[in-house]
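Residue strings, one per chain:
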Amino acid sequence: HVFTEQEIIRVLHAASELRPRSTSPLCGPMYRLALVLLYTAGLRRGGLVRLAISDYHPVEHTLLVRASKFHKSRLIALSPDAVREMDAYLRARRAILHSGDAPLLVSNCRGLRARSGEGLGGGLRRLFARAGVRTASGCPPRVHDLRHTYPVRVLLRWYRAGASTQAKLPVLAASMGHV
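First, a word on what this report is: a plain description of the structure on this page. (Residues numbered from 1 in each chain as written. Predicted model: local features only at pLDDT ≥ 70, side-chain atom pairs only at ≥ 80, totals over all residues. Heavy atoms only, no water.)

Digging into the pattern of salt bridges
Move 1: Within this structure, the stated rule accounts for four salt bridges.
Move 2: A salt bridge links Asp 55 to Arg 66; the shortest N-O distance between them is 2.6 Å. Of the two residues, Asp 55 sits in the loop between helix 3 (45–49) and strand 1 (56–57) while Arg 66 sits in the loop between strand 2 (62–65) and strand 3 (74–77), which places them 11 residues apart along the sequence.
Move 3: You can call Arg 66 partly exposed: its relative accessible area is 48%.
Move 4: Arg 142 is paired through a salt bridge with Asp 145; the nearest N and O atoms lie 2.7 Å apart.
Move 5: Since its relative accessible area comes to 46%, Arg 142 is described here as partly exposed. (Salt bridge = Lys/Arg side-chain N within 4 Å of Asp/Glu carboxyl O. Helix = DSSP H or I, 4+ residues; strand = E, 2+ residues; numbered from the N terminus. Buried < 20%, exposed > 50% of the residue type's maximum accessible area, 1.4 Å probe, protein only.)

Details of helix 1 (residues 5–16)
Move 1: Over its 12 residues, helix 1 extends 16 Å from the first C-alpha to the last, a length consistent with the 16 Å expected when each residue adds 1.5 Å.
Move 2: All of the buried residues in helix 1 are Glu 7, Ile 8, Val 11, Leu 12, Ala 14 and Ala 15. Seen from one end, helix 1 has its buried residues packed into an arc of 155°, which puts them on one side. Of the residues in helix 1, the exposed ones pointing more than 90 degrees away from the buried face are Glu 5, Gln 6 and Ile 9. (Expected span 1.5 Å × (residues − 1). Arc of directions from axis to C-beta.)

Concerning the packing of aromatic side chains
Move 1: One pass over the structure, following the stated rule, counts one aromatic pair.
Move 2: Between Phe 3 and Phe 128, the aromatic rings sit 5.3 Å apart at their centres with planes inclined by 55°, giving tilted as the arrangement. Linking Phe 3 in the segment before helix 1 with Phe 128 in helix 5 (residues 117–130), this pair joins segments that are 125 residues apart in sequence. One exposure class covers both Phe 3 and Phe 128, and it is buried. (Phe/Tyr/Trp six-rings, centres within 6.5 Å; stacked < 30°, edge-to-face > 60°.)

Notes on the nonpolar core
Move 1: Judged by nonpolar contacts, the single largest core of 43 residues is most densely connected at Leu 37 and Leu 43.
Move 2: Of all the elements in the fold, those that place two or more residues in this core are helix 1, helix 2 (27–41), helix 3, strand 2, helix 4 (80–96) and helix 5.
Move 3: Element by element, the count of residues in this core is highest for helix 2, at 10 residues.
Move 4: Ignoring any residue separated from it by four or fewer positions in sequence, one finds Leu 43 in contact with Leu 37, Leu 38, Leu 48, Leu 51, Leu 63, Val 65, Arg 74, Ile 76 and Arg 147.
Move 5: The next biggest cluster of nonpolar side chains, apart from the first, holds five residues, and it includes Tyr 150, Val 154, Trp 158 and Met 176. (Core = buried A, V, L, I, M, F, W, Y, C linked by side-chain atoms within 4.5 Å. Contact = heavy atoms within 4.5 Å.)

Side note on the environment of Arg 32
Move 1: Secondary-structure assignment places Arg 32 in helix 2.
Move 2: For Arg 32, a relative accessible area of 22% puts it in the partly exposed group.
Move 3: With 24 residues separating them along the chain, Arg 32 and Ile 8 place their C-alpha atoms 10 Å apart.
Move 4: In this structure, Arg 32 is in contact with Leu 12, Ala 15, Ser 16 and Glu 85, ignoring residues within four places of it in sequence.

Some thoughts on the side chain of Arg 74
Move 1: Residue position: Arg 74 is located in strand 3.
Move 2: Buried and unpaired, Arg 74 has Asp 55 as its nearest opposite-charge partner, separated by 11 Å. (Lys, Arg positive; Asp, Glu negative; His and termini not counted.)

Observations regarding the sheet that holds strand 3
Move 1: With respect to topology, three strands assemble into an open sheet ordered 1-2-3, the strand pairing being antiparallel. The open sheet is flanked by strand 1 and strand 3, the only strands paired with a single partner.
Move 2: Relative to strand 3, strand 2 runs antiparallel, the two being bridged by four bridges. Considered in strand 3, the bridge of Val 65 is made with Arg 74. (Pairing = 2+ DSSP bridges.)

Next up, the structure:
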């Protein structure tokens, strides 16, 4: 499934409506950040849940994805939207948690346990359902479909700008962690 911009907006709105819970006061901002990073940076779910706060460079606006699939690390330039979302999340997080380097996405603010891939996936699937996002066959999309949406959007943007998409394919492949 390739997400439309309208579907992403609906899912982001559903995430914004999540109410804070005593053990997870950052659930809304955390899911918003997860969606934005999966959609705008083409991250894999596993790479996202392994991120630490120190992997974000606030001046360079980059994320260091360490030892992802095939044990490769890479530096990803974040979009302006992703930077705004990251900065907003970190401000909200600092107001609640006073921790040094820790997992970026946490499942429980009391223990600072990293959100698991399964937990993140289940929460995102519930948001897809809440936002009414379905595939052409009527099924809910997979979380990995956000990663598939990323190169489609990048290629369309390059094509519309008149860029040589063929010449830029290696850049896209590298940003996604491919050889």
